[in-house]
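Chain residues, written in single-letter form:
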Amino acid sequence: MSGIDCLTSLEPGRCAVVNDLTVTGSMRRRLQDIGLIKGTRVEYVQRSPLGDPVAYLIRGAVIALRSEDSDCVMINRVN
Amino acid sequence: MGLNKNSGKVIALAGNPNVGKSTVFNALTGLKQHTGNWPGKTVTNAQGYCEYEDKVYTLVDLPGCYSLMAHSAEEEVARDFICLEKPDAVIVVCDAICLERNLNLVLQILEITSDVVVCVNLMDEAKKKKISIDLPGLSRKLGVPVVGTQARSKKGLSLLMQQVDESFYNPSSQRPIKIQYPDYAGKGLTAQEIQDEKVKVLITTAEDICRDIVRYENKSYDSSDRKIDKVLTSKLIGFPLMFLALLIIFWITISGSNYPSRFLSYILFGIEEYLLSFFIWLGVPKFIYEMLVLGIYRVLAWVVSVMLPPMAIFFPLFTLLEDIGYLPRVAFNLDKCYKKCCSCGKQALTMCMGFGCNAAGVIGCRIIDSPRERLIAIITNNFVPCNGRFAQPYKGKQNCSLVLIM
């Protein structure tokens, strides 16, 4: 399964590579600051008990993203 | 309050949030510090004095930030200070465990000034996780001095000051890395595309530097952390565990503070009688000694005996939770509930702090990024009953259970 999708749709335990960010302004810079640029590898780590937010491993740091923020991150799945 | 340049050279302390920047600051300045409010800013910089070999330096603790591209008040303050106040040196504190992420800020500061000393903190934590960092190599690549420290046990701090000191007298030795940006002119890029490119160059530069410098001797260095996380934030026992932890803390605080409370009030109210008879013996008019002893002294005695013990128990316990890293997991667990109320999961922490003292809870609200969510957290913190507003602890067990039910 490949093709462009948003980060929210990534399944538990799987990895992906960032393709694009669909948000502008300060949220875009915030996502860039945590290392989310084109080509960054992202790994699904853990869901919170209520399903949202989800923790991802990004450049060696575990970062929790709310679904509305991970919706803005377009990814390519990798195996 | 502005900077007093006469009091020696000025050193700014920058770094990402949660890298032990304040620990470094406190260790270097001791108790010789105060908070300064810079004109037109609501974010404060702590300022202190640090002595090294008979020279006094002014140390300014900048707010923690990930970048200088200014999209929050903290970043704006940090950037403006480095650009406009022109400190004589900048110490950038980094977290040894995720150095690559921290280098983003280091590189941005190196673009502004070459008077930089990089302080790689938490070396002990990195060692525990079997992450080795080639500090001389990093220093060569960045072109500025790099010092490894363990601020909590005050290791490496004198070496840090020595490097800062040397950089003052030998500024030409600093040849910071020049970041190569491609030529954007004439390509018709939008402002956002240029921004994206700049960020990309910074991040890939940091990645390149770390590739040779940082070695993970144990590939699964964080696997045990992950396993604990899976339990702490699991669907089944994440919440029960959290409530249990809070319940235990409250139980220890409330029932534990009964004894010192009783003891303190016994002592303090015992003194009251002697004070009263002393004033009567002196022949002080009744309305004066009643005001002093039955008014001021008695209230003071009440406040101290009721509020001091629970605070002295609650805050160390809370610090313990913070130290083992449980608090971010609580925020992670509860974020969705708080999102429903248009606020942020981190508010769970400031509300817990509020149980100890609302003032501490409100100050803690600075950890919340969004200004709106932060304001909500500050205003609603008042509704958390602090220690002083708990039922009098030593009145009996029924009060204790009442508070727990609340």
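Parameters at a glance
The numbering scheme is per chain: residues are counted from 1 as the chain's sequence reads. As a convention, the first chain written is A and the first ligand written is 1, with the rest following in written order. Local features in this predicted model are restricted to residues whose pLDDT is 70 or higher, and side-chain atom pairs enter the listing and the counts only when it is 80 or higher, whereas totals over whole chains, interfaces and linings include all residues. We count a stretch as a helix when DSSP gives it H or I for four or more residues in a row; a strand needs E for two or more, and each element gets its number in order from the N terminus. Exposure classification rests on a simple neighbour count of other C-beta atoms within 10 Å of a residue's own: a residue reaching 20 or more is buried, one at 12 or fewer is exposed, and one in between is partly exposed. C-beta atoms are placed from the backbone. Contact between residues is assigned whenever the C-beta positions, reconstructed from backbone atoms, fall within 7 Å. Lines are fitted to the C-alpha atoms to define the axes, a helix being fitted only along its stretch in contact, and any angle between axes, read from their N-to-C directions, falls within 0 to 180 degrees. Geometric relationships in this document are graded by angle, where less than 35 degrees denotes roughly parallel, more than 145 denotes roughly antiparallel, 65 to 115 denotes roughly perpendicular, and other angles denote oblique. Any residue that is not Ala, Val, Leu, Ile, Met, Phe, Trp, Tyr, Cys, Pro, Asp, Glu, Lys or Arg is counted as polar, Gly included; the first ten are nonpolar and the last four charged. Boundary definitions for the domains trace back to an automatic or database domain assignment.

A few words on the overall build of chain B. Counting its regular elements, chain B contains 16 helices and nine strands. Counting only residues that meet the buried cut, chain B has 36% of its 406 residues in that class. Sequence separation of 24 or more characterises 67% of the internal contacts of chain B that already satisfy a separation of 6 or more.

So, on to the packing of helix α11 (residues 286–323) of chain B against helix α13 (residues 347–356) of chain B. Residues and elements named next belong to chain B. Where α11 meets α13, the closest approach of the two axes is 9 Å, and the angle between their N-to-C directions is 155°. Taken as axis vectors, α11 and α13 run roughly antiparallel relative to one another. Of the residues in α13, those in contact with Met311, Phe314, Phe315 and Phe318 of α11 are Cys352, Met353, Phe355 and Gly356. Per-class residue counts for the contact of α11 with α13 are seven nonpolar, one polar and no charged.

Let us now look at the domain arrangement of chain B. Many structure descriptions define interface size as the accessible area lost when the parts assemble. Domain annotation of chain B identifies domain 1 (5–216) and domain 2 (232–405). Spacing between the C-alpha centres of domain 1 of chain B and domain 2 of chain B amounts to 36 Å.

Attention now goes to unusual backbone geometry. Of all residues except glycine, most have a negative phi; of all peptide bonds, most are trans. Along the chain, Asp52 of chain A connects to Pro53 of chain A via a cis peptide bond; the corresponding omega equals 0°. Its location among the elements puts Pro53 of chain A in the loop between β3 (41–47) and β4 (54–58). You will see that Lys130 of chain B, though not glycine, has its phi angle at about 55°, which is positive. Secondary-structure assignment places Lys130 of chain B in the loop between α4 (123–128) and β7 (131–133). Judged by C-beta crowding, with 13 C-beta atoms within 10 Å, Lys130 of chain B ranks as partly exposed. Of note, Lys154 of chain B is a non-glycine position whose phi angle comes to about 60°, a positive value. By the element assignment, Lys154 of chain B lies in the loop between β8 (146–148) and α6 (157–169). What makes Lys154 of chain B partly exposed here is the crowd of 13 C-beta atoms within 10 Å.

What follows is about the interface of chain B and chain A. On the chain A side, the residues contacting the 25 residues of chain B number 21 residues. Of all the secondary structure elements, the ones that give two or more residues to the side of chain B that touches chain A are α3 (99–112), α7 (191–213), α8 (223–232), α9 (238–256) and α12 (326–340) of chain B.

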